[in-house]
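Below are the chains, spelled out letter by letter.
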Amino acid sequence: MSFFSEIHAILSPIGVPMETGVFSDKAPDEYIVVVPLTEEFEYFADNQPQVDVHELRISIYTKGNYTKLKNAVVKAFIDAEYTITDRQYLGYEADTGYHHYNVDVANYYETEDLFYGNNRS
């Protein structure tokens, strides 16, 4: 399963419209935008990558109280055993009427699985 497929599977049960990069349709009263942040290898003593770290930002936009949606997003990622790296309220956007809240998450993948699948020959 790809990284973005995992993210979609984690967030879909919340029932809020979601897109990657930018919300291109007419924005509903609440929605989520997923933005990739980093992909990096963690190196060890032999200078060979052992872990591939993917981090992304979940941007929450809502015209109502953001707390319930924020808590649902955070709980979904904790339950999926992702690392929450940052949470931040960016404020109320008076021109659009949305509250904007970010949740940054990371997940770690062993590079052996990434490059060779589960069956390394």
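Residues numbered from 1 in each chain as written. Predicted model: local features only at pLDDT ≥ 70, side-chain atom pairs only at ≥ 80, totals over all residues. Heavy atoms only, no water.

Q: So what's going on with the overall build of the chain? Which residues, and what values?
A: For the chain, the count of helices and strands is 3 helices and 5 strands. Start at the N end of the chain and walk to the C end: the helices and strands fall as α-β-β-β-α-β-β-α. With the model as given, the accessible surface of the chain reaches about 7500 Å², and the carbon-plus-sulfur share is 47%. (Helix = DSSP H or I, 4+ residues; strand = E, 2+ residues; numbered from the N terminus. Areas by Shrake-Rupley, 256 points an atom, 1.4 Å probe, with all protein chains shown as cover.)

Q: Break down the confidence of the model for the chain for me, citing the residues and quoting the values.
A: Residues at a pLDDT of 70 or more form 79% of the chain, whose mean pLDDT is 83. Across the chain, the secondary-structure element scoring lowest on mean pLDDT is helix α3 (residues 111–116), at 58, and the one scoring highest is helix α2 (residues 66–79), at 96. (pLDDT = per-residue confidence, 0-100.)

Q: So what's going on with α2? Which residues, and what values?
A: Relative to the 20 Å expected for 14 residues at 1.5 Å per residue, α2 spans 20 Å between its end C-alpha atoms, a close match to the ideal helical length. Along α2, the residues that are buried comprise L69, K70, V73, V74, A76 and F77. The arc that holds every buried residue of α2, seen down its axis, measures 160°, which confines them to one face. Opposite the packed face of α2, turned more than 90 degrees from it, sit the exposed residues K68, K75 and D79. With a side-chain oxygen lying 2.8 Å from the backbone nitrogen of T67, the N-terminal cap of α2 falls on N65. Directly beyond the C-terminal end of α2, a positive phi value near 65° is found at E81. (Expected span 1.5 Å × (residues − 1). Buried < 20%, exposed > 50% of the residue type's maximum accessible area, 1.4 Å probe, protein only. Arc of directions from axis to C-beta. Polar contact = N/O pair within 3.5 Å; in protein donor to acceptor, adjacent residues only side chain to side chain.)

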